[in-house]
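Structural description and commentary
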Amino acid sequence: MDTALGSPHCKAPNNNVGFAPQNGSSAIQPASFSGSSDATLGRHLARRLVQIGVNDVFSVPGDFNLTLLDHLIAEPGLKNIGCCNELNAGYAADGYARARGVGACVVTFTVGGLSIINAIAGAYSESLPVICVVGGPNTNDYGTNRILHHTIGLSDFTQELRCFRTVTCYQAVVNHLEDAHEQIDRAISTALKESKPVYISISCNLPGIPHPTFSREPIPFVLSPKLSNKVGLDAAVEATTAFLHKAVKPVMIAGRKLRVAQACDAFVELADACGYPFAVMPSAKGLVPETHAHFIGTYWGAVSTTFCAEIVESADAYIFAGPNFNDYSSVGYSLLLKKEKAIIVQPDRVVVANGPAFGCVLMKDFLRALSKKLNRNTTAYENYHRIYVPNGMPLKCEPDEPLRVNILFQHIQNMISGNTAVIAETGDSWFNCQKLKLPEGCGYEFQMQYGSIGWSVGATLGYAQSAPEKRVIACIGDGSFQMTAQDVSTMLRCEHKTIIFLINNGGYTIEVEIHDGPYNVIKNWNYTGLVDAIHNGEGNCWTTKVQCENELIQAIEKAVGEKKDCLCFIEVIVHKDDTSKELLEWGSRVSAANSRPPNPQ
């Protein structure tokens, strides 16, 4: 991780343009520049954001970022989305980056920065390029031993920077103009190249000052393309081909790093060419088409889609493209995989079984080259087709029978299309949404690596703002909703038409299935009443509460019909112990992994 620090004072070795004169005048104002009044740091940042595809920034105002926000909203292609708190602004930038490829957020110094940092850490874990901009102290306060508000009462202003160093791939502290252009461009380019968040602090007195380094119309932002090492690529393809041609029933598994490697299409090309069946790891759901003839479901160990794990784990060779193996994705380290059977393809590296390994090989280049070399082999898919038995349909609820979760998701399945996107909150929605069969073009997002409950409210806001052509369907548990509920108000201000299913079962169900205790029970809210209060007659909003299947059917019909232009909030009352069988299995295995005794010393 790189850090670029601006020096606390503008040094003036001479009177060249861009340096302060020797007579003691302000170190901020350039010595001589009569250029355009909008050739400023603030407008340069705004135009750079627009150039890379950001048309909305998620912000919370504070006295250190107000002038910067003035210059950002002055850019015609950039809209400010004011959020209720910094955490949700960060989650929204995360959701925006998932749909748009990059996101941005703006907060104030320390009180805002340390509040948003949890969301930035989540974006880092999910390999999402988020530009986190912080309005920093006045340049004249650096190095003066002064104590400022919004700090912990020390004259050292680096606390926030030190915290961000561990959750961003680049940090720039812009507190003088001479190298501001370079620092901003380097931060943005690093975020895009590394597909990770970056931190940019801009002193509060700099955004509005013209400077010759900021041209009125910045040259378009272009990154140099990454290239594979041709010799390494050929060697990796040759070794992999030889390995797979010895296999009788090979399979393919997609991982979440397909996104950062921009290799989703290349993965499908390989599947088309070789005829292997393919599955997705849970965090890769939605990255490859589930309508493909050889798609066999989600591979998640003991909680996989029916018959998927049996085919994957009985294979004599498997290609994992962009996997992320952790205790959650491995169901408490219980996957029945063998390293000597696996080809692991990472965004820029290929490892064949226990060796050899090939670096500087881009995933998309490797998958495309491999598709031209492999013999077609449909044995594993034929085995899957032979053993596959369709899932039985849940029993229909009686007219007044309390609604069951599996019935709810049966109806959600019928709602989704290529014009929708599904956001799954951490919890039992992970497992229920994994079982949805996504139509072509249907978006799907959840945060598995970081698993921060409450993420989905902000992420739903950001995703919907980024992809207005899709109607977002968010599945959120009551415990998670209590964390971040406020930004339903921002959805209303932005005129979103999202459908939120609030699943009210009275507690933190995912925690219950890992380790139960009284701390997992939460205070019940009148959730529809809360959203009605947030609505307060401003914007288009419709709420309802359902407790049986007939009420659910009526609510969905209204949400997709009469209320299709509204934000629809449907509170679903279910029993506290109504959970998916996958969560029960997963929870017991994760609990066993968490409770392992210390190894003998």
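The structure displayed is predicted, hence computed values, not measured ones. (Residues numbered from 1 in each chain as written. Predicted model: local features only at pLDDT ≥ 70, side-chain atom pairs only at ≥ 80, totals over all residues. Heavy atoms only, no water.)

Further remarks concern the pairing of strand β19 (residues 541–546). Pairing analysis gives six bridges linking β19 to strand β20 (residues 567–573), with the strands arranged parallel. From the neighbouring strand, W542 faces β20, where its bridge partner is C568. Viewed along the sheet, the connection from β19 through helix α20 (residues 549–560) into β20 turns out right-handed. (Pairing = 2+ DSSP bridges. Helix = DSSP H or I, 4+ residues; strand = E, 2+ residues; numbered from the N terminus. Right-handed = clockwise from strand over helix to strand, strands pointing away.)

What follows deals with the packing of aromatic side chains. Applying the stated criterion to the full structure yields 23 aromatic pairs. When the centroid spacing of 5.8 Å and the interplanar angle of 75° are considered together, the rings of Y318 and F320 count as edge-to-face. Through a chain of ring-to-ring contacts, three or more aromatic side chains come together here, namely W300, Y328, W430, F431, Y444, F446 and W586. Between K196 and the ring centre of Y124, over which it is positioned, the NZ or CZ distance is 4.2 Å. It is K285 that lies over the ring of Y444; its NZ or CZ is 5.5 Å from the centre. (Phe/Tyr/Trp six-rings, centres within 6.5 Å; stacked < 30°, edge-to-face > 60°. Lys NZ or Arg CZ within 6 Å of the ring centre and 35° of its normal.)

The sheet contact formed by strand β11 (residues 318–321) and strand β12 (residues 342–346) spans four bridges and is parallel. Bridged to Y318 within β12 is A342. By the bridge criterion, four bridges tie β12 to strand β13 (residues 349–352) in an arrangement that is antiparallel. Each bridged residue has a counterpart across the sheet, and for I343 the counterpart in β13 is V352.

Moving on to empty space enclosed by the protein. One simple way to see leftover space: roll a probe sized like a water molecule over the atoms. The full count for this structure, using the stated rule, is three cavities of 30 Å³ or more. Within this model, the largest cavity holds a volume of roughly 220 Å³. In terms of lining, the largest cavity is formed by 22 residues, of which the most central are G427, D428, G477, N505 and T509. Those elements giving two or more residues to the lining of the largest cavity turn out to be α13 (405–415), α14 (428–434), β17 (471–477), α16 (478–484) and α18 (509–514). Here the residues of the lining of the largest cavity are counted per class, giving seven nonpolar, 10 polar and five charged. The space that makes up the second largest cavity amounts to roughly 130 Å³. R98, E126, R256, R259 and S283 are, among the 13 residues lining the second largest cavity, the residues nearest its centre. Of all the elements in the fold, those that place two or more residues in the lining of the second largest cavity are α8 (257–261) and β16 (443–446). (1 Å grid on protein atoms, 1.4 Å probe; cavity = no way out; pocket = protein on both sides within 12 Å on 5 of 7 lines; lining within 4 Å. Points joined across faces, edges and corners; volume = space filled by probe spheres on them. Nonpolar A, V, L, I, M, F, W, Y, C, P; charged D, E, K, R; others polar.)

Pairing in this open sheet of six strands is parallel, and the strands run β16-β15-β17-β18-β20-β19 from one edge to the other. Two strands lie at the open edges of the sheet, namely β16 and β19, each paired on one side alone. Direction aside, neighbouring strands of the sheet carry axes that sit 15° apart on average. The pairing of strand β15 (residues 420–424) with β16 spans four bridges and is parallel. (Axes fitted to C-alpha atoms, helices over the stretch in contact; angles between N-to-C directions.)

Before going further, it helps to spend a moment on the side chain of R98. For R98, the location among the structural elements is in helix α3 (residues 86–100). The exposure class assigned to R98 is buried, which follows from its relative accessible area of 7%. Side-chain polar atoms of R98 contact the backbone oxygen of F446, separated by 3.3 Å. (Buried < 20%, exposed > 50% of the residue type's maximum accessible area, 1.4 Å probe, protein only. Polar contact = N/O pair within 3.5 Å; in protein donor to acceptor, adjacent residues only side chain to side chain.)

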